[in-house]
Number of protein chains: 2
Amino acid sequence: MSSDVHEAISAVNRRFTDAYAQGDAAGIAAFYTDDGQLLPTNSDIIRGHEAIAGFWQFVMGLGIKTVALASSELDILGETAVEVGQYTLGGADGATIDRGKYLVVWKNDGGSWKLHRDTWNTSMPA
Amino acid sequence: MSSDVHEAISAVNRRFTDAYAQGDAAGIAAFYTDDGQLLPTNSDIIRGHEAIAGFWQFVMGLGIKTVALASSELDILGETAVEVGQYTLGGADGATIDRGKYLVVWKNDGGSWKLHRDTWNTSMPA
């Protein structure tokens with residue numbers, strides 16, 4: 001059911017942003033498939049749970065306190081879904097540190113929707 | 001057939017890089033679906049053929065003379081395919097100006113595979 005997939009993926013996005021706000025990098029990594037990949041700016045591709053947790057821990061160390069996600073498109077293709085949305089990164093004082101867009105390829109991994117490919121970049125001027 | 005899809009998408013990538021080298025921004029834009037989107041760094045989402053041609057024209061004006069694409073993954077999902085690969089941008093003297101990774105969502109548009117969502121970011125240090 002398309003609306004079920006929307007709801008399941010929204011729920012993971014909420015859990016992702018909650019885990020981020022709590023500084024739980026390992027919790028975030030668990031939302032990715034076992035062969036999940038991050039494609040961040042200024043980095044080669046980051047592969048697997050341990051490296052993904054390390055990346056998010058590093059981002060938390062930069063003073064980015066919150067990640068907000070606003071989904072704008074979800075293309076459901078059976079056990080895969082492609083999401084496009086907007087992210088906003090917030091600092092300790094609530095100020096916006098960065099805003100941009102993301103593209104996530106999701107996989108239904110034994111009943112749980114998980115992030116499989118996750119890439120994003122800033123929309124702010126250079 | 002999976003190998004046919006691989007071949008068809010490889011062929012579009014070759015035509016894309018050829019069109020780029022020839023400075024044919026409108027030709028590049030025609031490789032995108034009618035509702036195609038670019039998600040470039042330092043930019044909001046760019047939508048539709050005219051704006052996509054304008055973006056590639058702008059990039060050509062920056063002195064980037066060549067785009068090389070090396071596909072590393074193609075996940076075929078019926079009439080959609082998700083590609084991950086590495087790009088290299090070259091200058092007039094053949095020097096590498098930038099290298100990074102890309103993620104493209106392809107759609108089979110009436111028999112022609114076209115870029116539907118196209119995003120990338122640099123892998124070089126900040």
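Small disclaimer: the values here were computed from a predicted structure and weren't measured. (Residues numbered from 1 in each chain as written. Chains lettered and ligands numbered in written order. Predicted model: local features only at pLDDT ≥ 70, side-chain atom pairs only at ≥ 80, totals over all residues. Heavy atoms only, no water.)

With that settled, the discussion passes to the sheet that holds strand 3 (residues 66-77) of chain A. Residues and elements named next belong to chain A. A sheet is described by the order of its strands in space; here 6 strands give the open sequence 2-1-6-5-4-3, paired in mixed fashion. The open sheet has two edge strands with one neighbour each: strand 2 (46-47) and strand 3. For strand 1 (residues 32-39) and strand 2, the ladder comprises 2 bridges, and the chain directions are antiparallel. Within strand 2, the residue paired with Gln37 across the bridge is Arg47. Strands strand 1, strand 3, strand 4 (80-90), strand 5 (96-109) and strand 6 (112-122) of the sheet are contacted by helix 1 (residues 2-21), whose axis makes an angle of about 160° with strand 3. Each of strand 1, strand 2 and strand 6 touches helix 3 (residues 49-61); the most contacted strand, strand 1, lies at about 45° to it. (Pairing = 2+ DSSP bridges. Helix = DSSP H or I, 4+ residues; strand = E, 2+ residues; numbered from the N terminus. Contact = heavy atoms within 4.5 Å. Axes fitted to C-alpha atoms, helices over the stretch in contact; angles between N-to-C directions.)

Quick look at the pattern of salt bridges now. For the structure shown, the criterion picks out 8 salt bridges over all chains. Measuring nitrogen to oxygen at the nearest pair gives 3.6 Å for the salt bridge that ties B:Arg99 to A:Asp44. Of this pair, B:Arg99 sits in strand 5 (residues 96-109) while A:Asp44 sits in the loop between strand 1 and strand 2, placing the two residues on different chains. Residue class for B:Arg99 comes out partly exposed when judged on its relative accessible area of 37%. (Salt bridge = Lys/Arg side-chain N within 4 Å of Asp/Glu carboxyl O. Buried < 20%, exposed > 50% of the residue type's maximum accessible area, 1.4 Å probe, protein only.)

Right, let's talk about the interface of chain B and chain A for a bit. Contact with chain B, which involves 29 residues of that partner, is made by 29 residues of chain A. Between chain B and chain A, a total of about 2200 Å² is buried, with carbon and sulfur atoms accounting for 57% of that surface. If you look at where chain B meets chain A, you find 6 salt bridges. Its salt-bridge partner being B:Lys107, residue A:Asp75 comes within 2.6 Å of it at the nearest N-O pair. Counting the contacts that link chain B with chain A gives 20 residue pairs in polar contact (both at pLDDT 80 or more). Among the elements of the structure, strand 3 (66-77), strand 4 (80-90), strand 5 and strand 6 (112-122) of chain B are those that each provide at least two residues to the side of chain B that touches chain A. Ranked by residues supplied to the side of chain B that touches chain A, first place goes to strand 5 of chain B with 6 residues. Residue classes in the side of chain B that touches chain A are distributed as 13 nonpolar, 9 polar and 7 charged. (Buried area = accessible area lost by both parts, 1.4 Å probe. Polar contact = N/O pair within 3.5 Å; in protein donor to acceptor, adjacent residues only side chain to side chain. Nonpolar A, V, L, I, M, F, W, Y, C, P; charged D, E, K, R; others polar.)

All names here are of chain B. Of all 11 residues in strand 6, 10 are buried; the element is thus mostly enclosed. In terms of strand pairing, strand 1 (residues 32-39) meets strand 6 through 4 bridges, oriented parallel. In the strand pairing of strand 6, Gln37 is matched with Arg117. Here strand 5 runs beside strand 6; their pairing, made up of 10 bridges, is antiparallel. Residue pairing across strands places Val104 opposite Asp118, the latter belonging to strand 6. As consecutive antiparallel partners, strand 5 and strand 6 are separated by 2 residues, and within that stretch Gly110 has a phi angle of approximately 60°, a positive value.

Another aspect to go through is the confidence of the model for chain A. Close reading of the predicted structure is inappropriate where its pLDDT is low. For chain A, per-residue confidence averages 97 on the pLDDT scale, and 99% of positions sit at 70 or higher. Per the prediction output, this complex has pTM 0.97; the corresponding ipTM is 0.96. (pLDDT = per-residue confidence, 0-100.)

Residues and elements named next belong to chain A. Here the phi dihedral of Asn42 falls at roughly 65°; this positive angle occurs in a residue that is not glycine. Within the fold, Asn42 resides in the loop between strand 1 and strand 2. Overall, the relative accessible area of 35% leaves Asn42 in the partly exposed class.

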